[in-house]
Amino acid sequence: MLITVLGFYGGYPYKGQGTSGYLLQDGDQNILIDCGSGVLNELSNYIDPLQLDAVVLSHYHHDHTADLGVLQYNWQLDPQNRKHDVLPIYGHTQDFVNFAQLTMDGVSKGIAYNDYESTEIGSLKFEFLRTIHPVPAYAIKITKGDESIVYTSDTAYFDGLVDFAKGTDLLITDTNFPEDKTGKIWHMTTKETGELAKAAQVKRLMISHLPQKVDVEQMLKETQQYAENIPTIHAFTGLEVEI
Ligand SMILES: [Zn+2]
Ligand SMILES: [Zn+2]
């Protein structure tokens, strides 16, 4: 599996860098995980977006779905070159209004996932875990054989993440705040992320969903301090990690 970061900011794009989006490739399969602001533009630097096999959405906040409409138009306007007749878009059904938007007649089809059974997409197994967020959101675990990637999606810290991420080859986290952030938060701090990675004994940690106004090297340094011996990197556009 190869994962490429297409966008990594939380909330809104900034200075040419987009919000959440990751291209997951395995063999000739191309799966887009989240489709935030700026992601379609960036995706086209790697593959023709018409060559996608599926899109998987963690939740329906705009910073994870902003480019979905234009991706659907991309498929609508160039029917000759599509890899599939319709683009499968996987989402949860806890929000029927947004789930309905995934289906566009003759262009894309919404497919429901849930947290009590896994979903096979091509050669990969997807599992989902409901997170703690103001709207329903799901962490995603992708497994192929002995290898796995866990993406926390957006979430406050909760203990269930440790089991879900246990021993994974790559943990990608919503690390939107430095460690000194106080008050009620719906994302994780560097401290929480680092401690999560350590408790789950993941092989590698990638902090993502990063803040625009905090130095990324500070975010990384803080996280690494709590992750201790877990190798830690920060997401940036174009970063590729092979698992
Ligand atoms: Zn977000
Ligand atoms: Zn969110």
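Predicted, not measured: the structure shown is a model, and the values here were computed from it.

Another point: the coordination of the zinc ion (ligand 1). Donor atoms from the polypeptide that coordinate the zinc ion (ligand 1) comprise Asp63 (OD), His64 (NE2), Asp154 (OD) and His209 (NE2), at 2.1 to 2.2 Å from the metal. Its 4 donor atoms give the zinc ion (ligand 1) angles of 88 to 161° at the centre, a pattern that matches the irregular case. All donor residues of the zinc ion (ligand 1) come from one chain, and their arrangement in sequence is D-H-x89-D-x54-H. Here the zinc ion (ligand 1) and the zinc ion (ligand 2) are spaced 3.5 Å apart, with Asp154 acting as a shared donor. Here His209 lies in the loop between β13 (205-208) and α7 (216-227) and Asp63 lies in helix α2 (residues 62-65), a separation of 146 residues in the sequence. With a relative accessible area of 9%, Asp63 lands in the buried category.

Moving on to the packing of helix α6 (residues 190-200) against α7. Remark: α6 packs on α7, axes separated minimally by 7 Å, with the N-to-C direction vectors making an angle of 40°. For the pair α6 and α7, the sense of crossing is right-handed. For the pair formed by α6 and α7, the contact residues are Thr190, Lys191, Thr193, Gly194, Glu195 and Lys198 on the first element and Met219, Glu222, Thr223, Tyr226 and Ala227 on the second.

Here we come to helix α3 (residues 68-77). All buried positions along α3 are accounted for by Leu68, Leu71, Gln72 and Trp75. Looking straight down α3, one finds that the buried residues subtend no more than 100° of arc, so they occupy a single side. Next to the buried residues of α3 lie β3 (29-35), α1 (39-43), β4 (54-56), α2, β5 (87-91) and β6 (108-112).

Despite not being glycine, Asp34 has its phi angle at roughly 65°, a positive value. In this structure, Asp34 sits in strand β3. Residue classification places Asp34 among the buried positions, given a relative accessible area of 0%. Unlike most non-glycine residues, Ser153 shows phi in positive territory, near 60°. Take Ser153: it is sitting in the loop between β10 (147-151) and α5 (160-165).

Let's shift gears to the sheet that holds β5. Sheet architecture is open: 7 strands sit in the order β6-β5-β4-β3-β2-β1-β15, paired in mixed fashion. Each end of this open sheet is capped by a strand with a single partner; those strands are β6 and β15 (240-242). Adjacent strand axes in the sheet meet at a mean angle of 25° when their direction is disregarded. Relative to strand β2 (residues 21-26), strand β1 (residues 2-7) is paired through 5 bridges, and the arrangement is antiparallel. Looking at the pairing, Thr4 lines up with Leu23 of β2. Against the sheet, α3 touches β3, β4, β5 and β6, its axis set at about 160° to β5.

So, how was this worked out
Residues numbered from 1 in each chain as written. Chains lettered and ligands numbered in written order. Predicted model: local features only at pLDDT ≥ 70, side-chain atom pairs only at ≥ 80, totals over all residues. Heavy atoms only, no water. Donors = N, O, S within 2.8 Å, 3.2 Å for Na, K, Ca; no water. Tetrahedral: all angles 85-135°; square planar, octahedral: opposite > 155°, others 65-115°. Helix = DSSP H or I, 4+ residues; strand = E, 2+ residues; numbered from the N terminus. Buried < 20%, exposed > 50% of the residue type's maximum accessible area, 1.4 Å probe, protein only. Axes fitted to C-alpha atoms, helices over the stretch in contact; angles between N-to-C directions. Left-handed = near helix turned anticlockwise from the far one by under 90°. Contact = heavy atoms within 4.5 Å. Arc of directions from axis to C-beta. Pairing = 2+ DSSP bridges.

That is the geometry; function is a separate question.
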